[in-house]
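Coordinates in review
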Amino acid sequence: MNKLSVYILLILLCVSTSSFSQNINKDAFIEIVGEEEGDLNQDKVTDKIIVSSIITNDVRPFKLEIWISQPNSKKLKLVVSTTKLLEQQYDAEKYKMKKNFRIPDVVIENGKLTILTTINELKSRYVFRFKDGNFELTNISRILWDGKDTITETEIDLLKGSKVVFDQDSGPNKKYKVRDKSEPKPLPKIQDLTSADLAKY
């Protein structure tokens, strides 16, 4: 499968994910598949991220919850709960696609939320910062293997408005670098994003 086909497939799946997730009862997510603890709002108190799931006949959706500490309180407050952000897992045989899907990983690094995904040959890393009560998408990194000789690495910095794409060819062709710059835009908030939105960057 070439790079263009992978991107098209990813976008189509993400669009169907967004539509499907709107009809899901959030209370049905009882299987916890991922947890992470750390300080997200820089108050030296532990916050918590939970990824949960349910199993349906066709797909396996995921819910992301972010719980943040509050001043003068020992309880965490739920500030984000979304079923639209994380790509859902499809039945590989029914949907005729490669069975290469990892449950998304959530990590807290240097006070920032990092989401790691693997779908087919595409590995992605999304970084969110907590500012003014919101989680804003600031950086995207991608590694895509074409199944042959070429690995494409993409680095997107939304704070600087820059995008760098580097193709590394291990075959007889030369290595080359493509740089694409754009103007900084308002940073998207995590509660407004869908998996289809992430695939478009």
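Higher on the page you've got the structure.
Everything in this summary refers to the structure shown in the same document. (Residues numbered from 1 in each chain as written. Predicted model: local features only at pLDDT ≥ 70, side-chain atom pairs only at ≥ 80, totals over all residues. Heavy atoms only, no water.)

So, the overall build of the chain
Keep this limit in mind: Numbering of helices and strands runs from the N terminus; a helix is a DSSP stretch of H or I covering at least four residues, while a strand is a stretch of E covering at least two. Under the scheme applied here, a residue whose accessible area is under 20% of the maximum for its type counts as buried, over 50% as exposed, and between as partly exposed, the area being computed with a 1.4 Å probe on protein chains only. Two residues form a contact once any of their heavy atoms are found within 4.5 Å. For every accessible area listed, the method is Shrake-Rupley and the probe measures 1.4 Å; residues are considered covered only by the protein chains on display.
The helix and strand tally for the chain stands at 2 helices and 13 strands. By the burial criterion, 43% of the 201 residues in the chain qualify as buried. Of the contacts made within the chain by residues no fewer than 6 positions apart, 43% connect residues no fewer than 24 positions apart. Surface summary for the chain: the accessible area is close to 11,600 Å², and the carbon and sulfur share equals 50%.

Observations regarding the environment of Thr194
Positionally, Thr194 belongs in the loop between β13 (176-181) and α2 (195-199). Along the chain, Thr194 and Glu87 lie 107 residues apart, while their C-alpha atoms are 8.6 Å from each other.

Notes on the packing of aromatic side chains
Heads up, the condition is: Stacked, tilted and edge-to-face pairs are distinguished by plane angle, under 30 degrees for stacked and over 60 for edge-to-face with tilted covering the rest, among Phe, Tyr and Trp rings (Trp via its six-membered ring) whose centres lie within 6.5 Å.
Applying the stated criterion across every chain, the model contains 1 aromatic pair. When the ring of Phe130 is compared with that of Phe135, the centres are 4.8 Å apart and the planes differ by 50°; the resulting orientation is tilted. What makes Phe130 partly exposed here is its relative accessible area of 25%. When its relative accessible area of 1% is taken as the criterion, Phe135 is described as buried.

Topic: the sheet that holds strand β5 (residues 76-82)
Operational definition: For two strands to be treated as a pair, DSSP must find at least two bridges joining them. In this analysis an axis means a line fitted to C-alpha atoms, helices contributing only their contacting stretch, and an angle means the value between N-to-C directions, from 0 to 180 degrees.
Taken in spatial order, the 4 strands make up an open sheet running β1-β2-β4-β5, and their pairing is antiparallel. The open sheet has two edge strands, β1 (31-38) and β5, and neither has a second partner. Each strand of the sheet is rotated relative to its neighbour by a mean of 20°, with strand direction disregarded.

Quick look at the nonpolar core
For clarity, the cut-off: Only buried residues count toward a nonpolar core. Its members are Ala, Val, Leu, Ile, Met, Phe, Trp, Tyr and Cys residues joined through side-chain atoms within 4.5 Å.
By size, the foremost hydrophobic cluster in this structure holds 25 residues, and its most contacted members are Leu64, Leu113, Ile115, Phe128 and Ile190. When contributions to this core are tallied by element, the ones reaching two or more residues are β2 (47-53), β4 (62-69), β7 (101-109), β8 (112-119), β9 (122-131) and β10 (134-145). The element that contributes the greatest number of residues to this core is β4, accounting for 4 residues. Each residue touching Leu113, except ones within four places of it in the same chain, is listed here: Leu40, Ile49, Ile66, Val106, Val107, Tyr126, Val127, Phe128 and Ile190.

Some words on the side chain of Ser69
Rules: Polar contacts, as used here, are pairs of N or O atoms within 3.5 Å; protein pairs need one atom able to donate a hydrogen and one able to accept it. Residues neighboring in sequence count only if both atoms are side-chain atoms.
Within the secondary structure layout, Ser69 lies in strand β4. Classification of Ser69 by relative accessible area gives buried; the value is 5%. At a separation of 2.4 Å, a polar atom in the side chain of Ser69 contacts the side chain of Asp43. Setting aside anything within four residues of it in sequence, one finds Ser69 in contact with Asn41, Asp43, Val45, Asp47 and Leu76.

What about the side chain of Lys63?
With respect to the secondary-structure elements, Lys63 resides in strand β4. Lys63 gets classed as buried once you look at its relative accessible area, which sits at 7%. Reaching out from Lys63, the side chain makes a polar contact with the side chain of Glu65 at a distance of 3.2 Å.

Observations regarding the pattern of salt bridges
Just so we agree on the cut-off: Salt bridge, as used here: a side-chain nitrogen of Lys or Arg that lies within 4 Å of a carboxyl oxygen of Asp or Glu.
This structure, assessed with the given rule, holds 5 salt bridges. Its salt-bridge partner being Glu31, residue Arg60 comes within 3.0 Å of it at the nearest N-O pair. With Arg60 in strand β3 (residues 59-60) and Glu31 in strand β1, the pair connects residues that are 29 residues apart, well separated along the chain. The buried category is assigned to Arg60, whose relative accessible area is 15%. Here Glu109 ties to Arg125 by a salt bridge, and the two come within 2.8 Å at their closest N and O atoms. Of this pair, Glu109 sits in strand β7 while Arg125 sits in strand β9, placing them 16 residues apart in sequence.

Some remarks on the environment of Ile115
Looking at the element boundaries, Ile115 is found in strand β8. Classification of Ile115 by relative accessible area gives buried; the value is 2%. Beyond its immediate chain neighbours, meaning those up to four positions away, Ile115 contacts Leu64, Leu85, Leu86, Asp105, Val106, Ser124, Arg125, Tyr126 and Phe128.

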